[in-house]
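# Fold and contact review
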Amino acid sequence: CRPAANLDKFYHLSDTERAALRDKAGIAPDAFVLGTAAANQGRKSIPQMIKAFNDFAKDKPNARYILDMDKVSPVGWDIPSMCQQFGWDLSKLIFREDLLKQGIYELRERYALMDAHAVLSHREGWGLPLVEAMCCGVVSMAIDWCSGTEIVGDGKGVLVKPVKAYDEPVTLVSTWGNALDYIADEHDFAAQLQNLYVHPHERKAIAERGMKWSRSFTW
């Protein structure tokens, strides 16, 4: 039973509207913007996503990563401290509170700032933000596991490989109902970001397929 997304709330904005939002957010028109709309919690694999983005963005001064979440969470991470500890470039990260200060209040508008959206959860029952971003015409990325495979597989988005050992996925048993967790391959994630970056026409085609699929049903 798919919860789907609210099609009256999440839809594609025009190029003119998106450009105006980037200007409002202080993001360069030619920037490549990754985003993640998720809670700052352990299941969401946030350190792995930030590390992979940092590796991808080292030679891209205009690359930015929107983290639509709390900077610090009691059930997640102190993200600024984590970046300082591991040497990740905090200046390329944009948090939800930063965008709210710029008057970008609608989640739809924050999706519209992105070129790609990723939530590489260790496990995901459905993944509502993945579908919301797709409804807004943004490429979604997810781990090839649980609902990620269903939502972004078959060319509707981008699947990221799980970490493997001896040709088998590395798994962990979670503290939530003994659910089985997979771990996203950071190197594959960075490589997939690079592919989207250097092939904008392919990125657009994936986004269009994902948008068509995601808008084919309602809740």
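Look up: the structure comes first, before these words.
Sequence order as written defines residue numbering, which begins from 1 separately in each chain. Totals for whole chains, interfaces and linings use all residues, but because this is a predicted model, local features are given only for residues with pLDDT of at least 70 and pairs of side-chain atoms are given and counted only at 80 or more. To get the side-chain values, all heavy atoms of the structure are used, and hydrogens and water are removed first.

By disulfide we mean two sulfur atoms from cysteines, separated by a distance within 2.5 Å. Following the criterion strictly, the structure yields zero disulfides and no others. Looking at Cys-135, it has no disulfide partner, and the nearest cysteine sulfur is the one in Cys-136, 6.7 Å off.

Of all five residues making up strand β1 (residues 33-37), five are buried, and the element is well covered by its neighbours. Residues Val-33, Gly-35 and Ala-37 of β1 are buried on one face, and the alternating residues Leu-34 and Thr-36, pointing to the opposite face, are buried as well. Pairing analysis gives five bridges linking β1 to strand β2 (residues 64-68), with the strands arranged parallel. Bridging across to β2, Leu-34 finds its partner in Tyr-65. Read from β1 through helix α2 (residues 46-57) to β2, the crossover connection turns out right-handed. Note on pairing: DSSP must find at least two bridges between two strands before they are called paired. Helix numbering and strand numbering both begin at the N terminus, where a helix is a DSSP run of H or I of at least 4 residues and a strand a DSSP run of E of at least 2. Two strands pair when backbone bridges link them, and β1 and strand β4 (residues 116-118) are joined in this way by two bridges, in the parallel orientation. Bridge pairing links Gly-35 to His-117 in β4. Each residue's exposure class comes from its accessible area (1.4 Å probe, protein chains only) as a fraction of the maximum for that residue type: buried when under 20%, exposed when over 50%, partly exposed otherwise. Here the term right-handed applies to a crossover when the path leading from its first strand over the helix to its second strand runs clockwise, the strands being oriented away from the viewer.

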